[in-house]
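Fold and geometry: a report
For reference, the chains in residue letters:
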Amino acid sequence: MKQAVDQHWEQHTDRLRRVLACSRFGLISDFDGTLSAFAPHPDVATIVPENARLLDGLAERVTVVALVSGRSVQDVRARFTRPQLVYYGNHGLERWSADGPRLVETALAWRERLQTVLNAVRALEMAGVIVEDKDVTGSIHYRLAADPEATKAQLQAYLLPLCKLTGLQLSAGQFIWDIKPPLRVDKGTAVRAIADDYRLESVLFFGDDVTDYAAMRALRELAADPTRDLQTLSVGVVHPTTPPDLFAVCDLTANGVPDVTHCLRWILEHRTPPTARQSLGEN
């Protein structure tokens, strides 16, 4: 893909260096398809061991490392448990706190209607279709279907009227239909909250799927805000099934999960340790 080559992060290390040079720098990432390779079943997805090691190293050199996932916040945290990390789940509807998962309260009213839709899909007993119940959101996976494109269309025809009837939102992902409450909460609101909570001067975000676009757009809006002094970059992780929209939304690209590992290693090598920044007179 020409666009992917032109945008590849190795062609723009000068831009990465400027983001890394800020004292209060935050690294935010999606999980599936970014830090973890795609798995045949969502339950067996695991973080690439080298990515885990690199994030551990970066957590000592940056202001914050955060994971923002479509998984429930308890699920994503269980797959990479670190007390120093910040976790958002369910597309920004949940955050991990000292007391455990903290949910946006307005999402609670949609639980019953979500269960109605998920039970209806379960009753179809479609081969290769997995229903993932995340309490206030749901994901219908069809990666394992014999004909994924046909199954996608069949599910869409079934889900659209159900979601319209219940008022829920239906959106497409990579071999997934996501069902969410119609709230103005998404990965974009999550990255905004992280930038504000940690008074960040720069943010680097990694994501690969349609739900990550909200985070990428939010970061561009924050960088363009004249009332802020925030530098941002979004790295879109490219897969064989990546929709072309990604190239317009992200700033840079990485070629799959192995290339994310390569990029994280470069970042760790080029991020000045806190003690060195302090010796240069930075606070």
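For clarity, every value in this text was computed on a predicted model and none was experimentally measured.

The rules we used
Residues numbered from 1 in each chain as written. Predicted model: local features only at pLDDT ≥ 70, side-chain atom pairs only at ≥ 80, totals over all residues. Heavy atoms only, no water. Core = buried A, V, L, I, M, F, W, Y, C linked by side-chain atoms within 4.5 Å. Buried < 20%, exposed > 50% of the residue type's maximum accessible area, 1.4 Å probe, protein only. Helix = DSSP H or I, 4+ residues; strand = E, 2+ residues; numbered from the N terminus. Contact = heavy atoms within 4.5 Å. Pairing = 2+ DSSP bridges. Axes fitted to C-alpha atoms, helices over the stretch in contact; angles between N-to-C directions. Salt bridge = Lys/Arg side-chain N within 4 Å of Asp/Glu carboxyl O.

With respect to the nonpolar core
- Formed by 34 residues in total, the largest nonpolar core has its most connected members in Leu204, Phe206, Leu264 and Ile267.
- Broken down by element, this core gets its largest block of residues, 6 residues, from helix H10 (residues 256–270).
- In this structure Ile267 touches Leu20, Leu58, Leu204 and Phe206, once residues within four positions along its chain are discounted.
- One finds Ala66, Val68, Leu219 and Cys250 within the second-largest nonpolar core, a separate group that totals 25 residues.

Digging into the sheet that holds strand S12 (residues 252–254)
- Sheet architecture is open: 8 strands sit in the order S5-S4-S3-S2-S1-S10-S11-S12, paired in mixed fashion. Two strands close off the open sheet at either side, each with one partner strand: strand S5 (100–103) and S12. Each strand of the sheet is rotated relative to its neighbour by a mean of 25 degrees, with strand direction disregarded.
- Where H10 meets the sheet, it contacts strand S1 (25–29), strand S10 (202–207), strand S11 (231–237) and S12, and its direction lies at approximately 160 degrees from that of S10.

Things to note about the pattern of salt bridges
- Following the criterion strictly, the structure yields 15 salt bridges and no others.
- The network of salt bridges with shared partners includes Asp32, Arg71, Asp75 and Arg79.

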